[in-house]
Amino acid sequence: HGIGKALLELIYTRAGMKAPETVSLAVEKQQGHIDILCVVNKETAIVIEDKAGTKQHSGQLDKYRVHVTTELGYAPNNMILVYIQTGDQSDYGPVIKSGYMCISRVELLDILESEPAQTAKDQSDVLRDFSAHLRRIEDGVQSYRTIPPAQWPWDAWKGFYSSLQNEIGDGHWDYVANPSGGFLGYWWHFGGDDDFNVYLQLEQEKLCFKIWVKDAARRGEL
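Because the structure is a prediction, the values reported are computed rather than measured.

## Some details on the sheet that holds strand β4 (residues 79-85)
Each strand in a sheet pairs with another by means of backbone hydrogen bonds, the pair being arranged parallel or else antiparallel. Read from one edge to the other, the open sheet built from 5 strands follows the order β1-β2-β3-β4-β5, with strand pairing classed as mixed. The open sheet has two edge strands, β1 (25-31) and β5 (101-104), and neither has a second partner. Strand-to-strand twist across the sheet, computed as the mean angle between neighbouring axes with direction ignored, equals 25 degrees. Judged from the 4 bridges that link them, β4 and β5 form a sheet pairing that is parallel.

Next comes the structure, spelled out in structure tokens:
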């Protein structure tokens, strides 16, 4: 109960609102394909999209907002849109553009590892296992700080790229597929014109100078 209240308070605070005294709480799963729809006091609809490393797609976030407005009848000022990412994601711009607030794995861990949460975890295997699962992910992502790059696991590269992105204020990272199994890439510092682009790309251990040419017939020339 305490953890539930803490999560609701975080959501309301991030929305710039004061959390009300909760008289009633209704939770539905997959209402209009929404991961979690939480209705507080029969007046405020909290739409929660839960991601575990995947990203938004197919305009789903806008569809959920429209569903809650047109099908369920909630006005925009009685709706809070929440995007929870327990994995990692390079760009939250489209999420924010769709009107959603972003809650990270670290923010959930702040709640799940608080002193009041310890009692709850003693009483719930599910809660304890979920908290431990998120902690393992976070420790893996932050491991780039303490182990040599040659030993970095996949998650450590995510942590390094996220830190690099914050430091230089430029670039994006994501998985890049190829026949040999793919890699996590980070690309930034774009230049060029309508005919070509040049940019830098990290392919984990390899730093590349990349050239993209619009017209394949002019590649050699450019």
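## Topic: the environment of Trp-212
By the secondary structure assignment, Trp-212 is in strand β9 (residues 206-213). Residues Trp-212 and Trp-154, spaced 58 residues apart in sequence, show a C-alpha to C-alpha distance of 27 Å. With sequence-adjacent residues up to four places away left out, Trp-212 is seen in contact with Asp-195, Phe-196, Asn-197 and Tyr-199.

## With respect to the packing of helix α6 (residues 125-142) against helix α7 (residues 154-168)
The contact between α6 and α7 brings their axes to 6 Å, and the two run at 65 degrees. If you check the angle between α6 and α7, you find them roughly perpendicular. When you trace α6 past α7, the crossing you get is right-handed. Contacts between α6 and α7 involve Ile-137, Gly-140 and Val-141 from the first element and Asp-155, Ala-156 and Gly-159 from the second. Partitioned by chemical class, the residues of the contact of α6 with α7 number 3 nonpolar, 2 polar and 1 charged.

## Things to note about the side chain of Gln-165
Looking at the secondary structure, you find Gln-165 in helix α7. Gln-165 gets classed as buried once you look at its relative accessible area, which sits at 15%. Within polar-contact distance, the side chain of Gln-165 engages the side chain of Ser-90 at 3.3 Å. Engagement of the side chain of Gln-165 in a polar contact is seen with the backbone oxygen of Gly-171, the distance being 2.9 Å.

Rules behind the numbers
- Residues numbered from 1 in each chain as written.
- Predicted model: local features only at pLDDT ≥ 70, side-chain atom pairs only at ≥ 80, totals over all residues.
- Heavy atoms only, no water.
- Pairing = 2+ DSSP bridges.
- Helix = DSSP H or I, 4+ residues; strand = E, 2+ residues; numbered from the N terminus.
- Axes fitted to C-alpha atoms, helices over the stretch in contact; angles between N-to-C directions.
- Contact = heavy atoms within 4.5 Å.
- Parallel < 35°, antiparallel > 145°, perpendicular 65-115°, else oblique.
- Left-handed = near helix turned anticlockwise from the far one by under 90°.
- Nonpolar A, V, L, I, M, F, W, Y, C, P; charged D, E, K, R; others polar.
- Buried < 20%, exposed > 50% of the residue type's maximum accessible area, 1.4 Å probe, protein only.
- Polar contact = N/O pair within 3.5 Å; in protein donor to acceptor, adjacent residues only side chain to side chain.

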